[in-house]
Amino acid sequence: MSVNILFAAHATRWADYETPLRNALNDTGLDYRLATDLPADSVDYIIYAPNSEVQDFTPFTRLKAVLNLWAGVEDAVGNPTLTVPFARMVDDAGLTQGMVEWVTGHALRHHLGMDAHIVNPDHQWSAKAPPVSADRPVGILGLGELGTACGQALSRLGFPVTGWSRTAKSVDGITCLHGADGLRETLRNSQIVILLLPDTPATQNTLNAETLALLPHGAFVLNPGRGPLIDDSALLDALDSGQVAHATLDVFRTEPLPRDHPFWSHPSVTVTPHIASQTRPPSAARAVVENIRRSEAGEPLLHLVDRDAGY
Ligand code: NAP
């Protein structure tokens, strides 16, 4: 009997994903049907994005798993009709590599003070001493797939890196802390702080007036995680006082960022339009199909979402 796979992401994504998915599925040797439209009661797997038209999973009576094309699951994890195993996207060659590039690029921009020479309309020859080495402590909030890869990349460049997670961890090249005390210690030591936490009730407003005040004066904030991790008005106050020297933000509470949001016009804020990293169809398709192969072989699925933790 064939394995029936419904592609239920935004309609525009089918053209990008169909061939990579078929290539990966053909390599498994499975007898399969892959389509954007199948009778609900025939579907075994749904390849999913939370902005899909599928929001009620009740009609999918023989569903074995839902495989998310996104790393973030906050828009689907609370869906009461999604009761089968739910895996999120981990795509080392695509999503993770892209995030490492965005994070190291923006961290180095601030570390090296690149703007002084890139934006120099008066053609000033003002040789400020460059930093002697990468001896600038970095804190990564969230030590999952992305935070770990970014922290290790910065550590290899020579930055002292502290990472903070919910549970205790041990990662080569990173000083690992957890819990409320761990957050305070991480922030006190972070001249650059990078947010790579998921959006859950426990992580919202992780950076607020109280925690921003713990940072060394003149710290830099990078947020490629999720908008609700930061209290926007507390960050604007910290930028105005110089407590935070610059914030580079990729994600926002409302996206697209409203045209009248003060982040757009603040001289110490860089806005990037949620482009820090994206799944890349060839490697993302292989990641999704590997889980279908595992499920059909009776092996445990990779990267299952913990519904209680919310990520
Ligand atoms: P992940 O592997 O699930 O890692 C999440 C990390 O956050 C884990 O280390 C986890 O701790 C930690 N964490 C969760 N709740 C916490 C809490 N209450 N206190 C302290 N630490 C907590 O996720 P990922 O793949 O690295 O992705 C991280 C986030 O990046 C995604 O959720 C998504 O929002 C965002 N993202 C953004 C883009 C973009 O383009 N801007 C692209 C992809 C992803 P434990 O290790 O103890 O579980």
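It should be noted that the structure appears before, not after, this text.
First things first, this report covers the structure right here in the doc. Predicted, not measured: the structure shown is a model, and the values here were computed from it.

1. A word on the pairing of strand β10 (residues 219–223)
Burial analysis of β10 places 5 of its 5 residues in the buried class, which makes it a mostly covered element. Burial of the side chains of β10 extends over both faces: Ala219, Val221 and Asn223 are buried on one face and Phe220 and Leu222 on the other. Of the pairings in the sheet, the one linking strand β9 (residues 192–195) to β10 comprises 3 bridges and is parallel in character. The partner of Ile194 across the bridge, within β10, is Leu222. Pairing geometry for β10 and strand β11 (residues 244–249), over 5 bridges, is parallel. The partner of Phe220 across the bridge, within β11, is His246. Viewed along the sheet, the connection from β10 through helix α7 (residues 232–241) into β11 turns out right-handed.

2. So, the site of the ligand
In the vicinity of the ligand lie 29 residues, with Arg88, Thr167, Lys169, Ser277 and Tyr311 positioned nearest. With the chains in place, 92% of the 940 Å² that the ligand exposes on its own is no longer accessible. Of all the secondary structure elements, the ones that give two or more residues to the shell around the ligand are α2 (92–112), α4 (145–156) and β7 (161–165). Among the residues forming the shell around the ligand, the class breakdown is 14 nonpolar, 9 polar and 6 charged.

3. Side note on the side chain of Asn291
In this structure, Asn291 sits in helix α9 (residues 281–296). When its relative accessible area of 6% is taken as the criterion, Asn291 is described as buried. Beyond its immediate chain neighbours, meaning those up to four positions away, Asn291 contacts Leu67, Ala87, Leu301 and Leu302.

4. Some remarks on the sheet that holds β10
Read from one edge of the open sheet, 7 strands run β8-β7-β6-β9-β10-β11-β12, paired in parallel fashion. Of all the strands in the sheet, the pair left with one neighbour each is β8 (175–178) and β12 (269–271). Sheet twist, expressed as the average angle between the axes of neighbouring strands with direction ignored, equals 15 degrees. Pairing between β11 and β12: 3 bridges, direction parallel. Bridge pairing in β12 links Ala247 to Val269. This element, α7, spans β11 and β12 of the sheet and lies at about 140 degrees to β11.

Criteria and cut-off values
Residues numbered from 1 in each chain as written. Predicted model: local features only at pLDDT ≥ 70, side-chain atom pairs only at ≥ 80, totals over all residues. Heavy atoms only, no water. Buried < 20%, exposed > 50% of the residue type's maximum accessible area, 1.4 Å probe, protein only. Helix = DSSP H or I, 4+ residues; strand = E, 2+ residues; numbered from the N terminus. Pairing = 2+ DSSP bridges. Right-handed = clockwise from strand over helix to strand, strands pointing away. Near = heavy atom within 4 Å. Areas by Shrake-Rupley, 256 points an atom, 1.4 Å probe, with all protein chains shown as cover. Nonpolar A, V, L, I, M, F, W, Y, C, P; charged D, E, K, R; others polar. Contact = heavy atoms within 4.5 Å. Axes fitted to C-alpha atoms, helices over the stretch in contact; angles between N-to-C directions.

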